[in-house]
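Each chain is listed here by its residues.
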Amino acid sequence: MEYNVLFISSSTRYKIPEERGVYTKKFKALSGIGDMNYLAVSEDGKSRCGNVEGAYLRLAPRIGFKPLSVLLFICFAFKSGLETMKRKDINIIYAQSPLLDGAVGCVLKSLTNCKLVVGIHGDWENEIRYSKPSIVKLMPLINFTADRVLKNADAVRAISKTTEKRALEFVPKEKIFPVLFPALFDVDFFLEGKVKEPKETSAVFVGSLIGRKGVDYLLKALPGVVERFPKFKLYILGKGNKEGELKELAKKLGVEKNVKFLGQQPAGEVRDYIDRSRVLVLPSLSEGLGRIALEAMARGRPVIGSQVEGIRETVTKERGYPIPPRDSSAIAVTILNVLRNKKIAMKKGKTGRAYVKGRYSLEKYVENHRRLFEFALEEAPNQNTR
């Protein structure tokens, strides 16, 4: 059966034309199993629409004032969503999250006979607590929205055991799609080529510079590392509202010359900086899964990961270095361990690469979506494969 799907994602930014490989591969591959339509946000801020590799994109405008951008997206999503549903005979609405996207999806569902799929990619309570403390007081309303959306969903998709556990707080297990799979990352791109031992004495962090990512704990670990390895470098790839504070912290700690803040980088640069580093450090306080850990493992690099739900599913002693969260001392000791025991670190990296190679692929990603759509339409039995 061909599926006519409307994806809703207020947190995703696309371009038209879209040249980023991970997105073009996704659009082309998913379009092979149905008519794929996307309501998302424009990367350049201007309203756009058009076809990209078989998928049709309608992109909402955005401005600097976040509340107004949210309002713009809501209006855009309702208008464009209804137009798309009338023209394309949509039978599945896929909301990327149980909050704004899910609320829009619920309303659109109520006006049609569509099935509603809701994705859970992380713990929104921790995200708000660590990264958006100004709206913590709205948590009862936020959780009420999530509760209504998830209970109204025909199927719920979790990306990890952590997010599945979160979903079970709201819906029965029978409503949760039994295959756990992450958001797409360009597996082939990160597996490309042979693993090479890095020549630098360095580590890398990749991610948003927000409170939930725990980068301040990583910086506080550096004086102990730099004392023993003065030429050590930490590459920080990403941007966010904590960037200024983190740069000031690096200066205060006396390690600003050892830390390179490189901003948000394209996939090619991310891959290159992983390759030149001996280890990726993921000191997050909360994660749905920690996809960057899989990308680093694909490059044959071990991962130092705080043992919070989500990361602990990926970062094991065989593939990396599990550490307690909020523990700068543990980060310092572990980085030093990596630098002093390079052969063991490389062995862990190779084990991680084999894990990613055997578990993830674009083909599996597409097949899991096909099965998810079948599950939502109740055309296949509830399979318990993981």
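This structure is a prediction, so every number in the text was calculated from the model and none was measured.

A few points about a positive patch on the surface
No. 1: The grouping of Arg13, Lys66, Lys132 and Lys239 at the surface amounts to a positive patch.
No. 2: With respect to the secondary-structure elements, lysine 239 resides in the loop between strand E9 (233–237) and helix H9 (243–253).

A look at the nonpolar core
No. 1: Within the largest apolar cluster, 32 residues are counted, with the highest numbers of intra-cluster contacts made by Ile8, Leu150 and Val156.
No. 2: The element that contributes the greatest number of residues to this core is helix H5 (residues 139–152), accounting for five residues.
No. 3: The contact partners of isoleucine 8, leaving out residues within four places of it in the chain, are Leu39, Phe73, Ile93, Tyr94, Ala95, Gln96, Asp101, Val104, Gly105 and Leu108.

Here's the deal with the pairing of strand E7 (residues 155–158)
No. 1: A two-sided burial pattern is seen for E7, the buried positions comprising Ala155 and Arg157 on one face and Val156 and Ala158 on the other.
No. 2: When strand E6 (residues 115–120) meets E7, the two strands line up parallel, connected through four bridges. Along E7, the bridge assignment pairs isoleucine 120 with alanine 158.

Section: the packing of helix H8 (residues 215–228) against helix H12 (residues 328–340)
No. 1: Across the interface, H8 lies against H12 with an axial gap of 8 Å and an inter-helix angle of 45 degrees. By the angle between their directions, the pair H8 and H12 is classed as oblique. Crossing handedness for the pair H8 and H12: right-handed. Between H8, through Tyr217, Leu218, Lys220, Ala221, Gly224, Val225 and Arg228, and H12, the contact on the second element is made entirely by Ser328, Ile331, Ala332, Ile335, Leu336, Leu339 and Arg340.
No. 2: Looking at the contact of H8 with H12 residue by residue, the classes come out as nine nonpolar, two polar and three charged.

Section: the pattern of salt bridges
No. 1: Here the structure, examined in full by the defined rule, presents 29 salt bridges.
No. 2: The closest approach of N and O atoms between lysine 25 and aspartate 186, which form a salt bridge, is 2.9 Å. On the criterion of sequence distance, the pair formed by lysine 25 in helix H1 (residues 21–30) and aspartate 186 in the loop between helix H6 (161–167) and helix H7 (187–191) is long-range, its members being 161 residues apart.
No. 3: Of the residues examined, lysine 25 reaches a relative accessible area of 35% and is grouped as partly exposed.
No. 4: We note a salt bridge from glutamate 367 to arginine 370, for which the minimum N-O separation is 2.3 Å. Of this pair, glutamate 367 and arginine 370 both sit in helix H14 (residues 362–376), three residues apart, roughly one helical turn.
No. 5: Take glutamate 367: its relative accessible area is 33%, and that puts it in the partly exposed class.

The rules we used
Residue indices begin from 1 for each chain and proceed along its sequence in written order. A pLDDT threshold of at least 70 governs which residues receive local features in this predicted model, and a stricter bar of 80 or more applies before side-chain atom pairs are shown or counted, although totals over entire chains, interfaces and linings include all residues. Side-chain metrics in this entry use all non-hydrogen atoms of the structure; hydrogen atoms and water are not considered. Patch membership requires over 30% relative accessible area and the absence of a salt bridge. Like charges are linked within 9 Å, and nonpolar side chains (Val, Leu, Ile, Met, Phe, Trp, Tyr) within 5 Å. A 1.4 Å probe and the Shrake-Rupley method give the accessible areas. Residues count as covered only by the protein chains that appear here. For this document, the term salt bridge refers to a Lys or Arg side-chain nitrogen within 4 Å of an Asp or Glu carboxyl oxygen. A residue counts as positive if it is Lys or Arg and as negative if it is Asp or Glu; His and the chain ends are not included. To locate a charge, take NZ of a lysine, CZ of an arginine, CG of an aspartate or CD of a glutamate. By the criteria applied, helices consist of DSSP H or I runs no shorter than four residues and strands consist of E runs no shorter than two, each listed in order from the N terminus. Throughout this description, the term nonpolar core refers to a set of buried Ala, Val, Leu, Ile, Met, Phe, Trp, Tyr and Cys residues connected via side-chain atoms within 4.5 Å. Throughout, exposure labels follow a simple rule: accessible area from a 1.4 Å probe, protein chains only, divided by the maximum for the residue type, with under 20% read as buried, over 50% as exposed, and the rest as partly exposed. The criterion used for residue contact is that any of the two residues' heavy atoms lie within 4.5 Å. Strands are labelled as partners when DSSP assigns at least two bridges between them. For helices, the fitted line uses only the C-alpha atoms of the stretch in contact; every axis is such a line through C-alpha atoms, and the angle between N-to-C directions lies from 0 to 180 degrees. By the definition adopted for this analysis, an angle is roughly parallel if under 35 degrees, roughly antiparallel if over 145, roughly perpendicular if from 65 to 115, and oblique otherwise. Here a crossing is taken to be left-handed if its near helix is turned anticlockwise relative to the far helix by less than a right angle, and right-handed if that turn runs clockwise. Only Asp, Glu, Lys and Arg are considered charged in this grouping, and only Ala, Val, Leu, Ile, Met, Phe, Trp, Tyr, Cys and Pro are considered nonpolar; every other residue, Gly among them, is considered polar.

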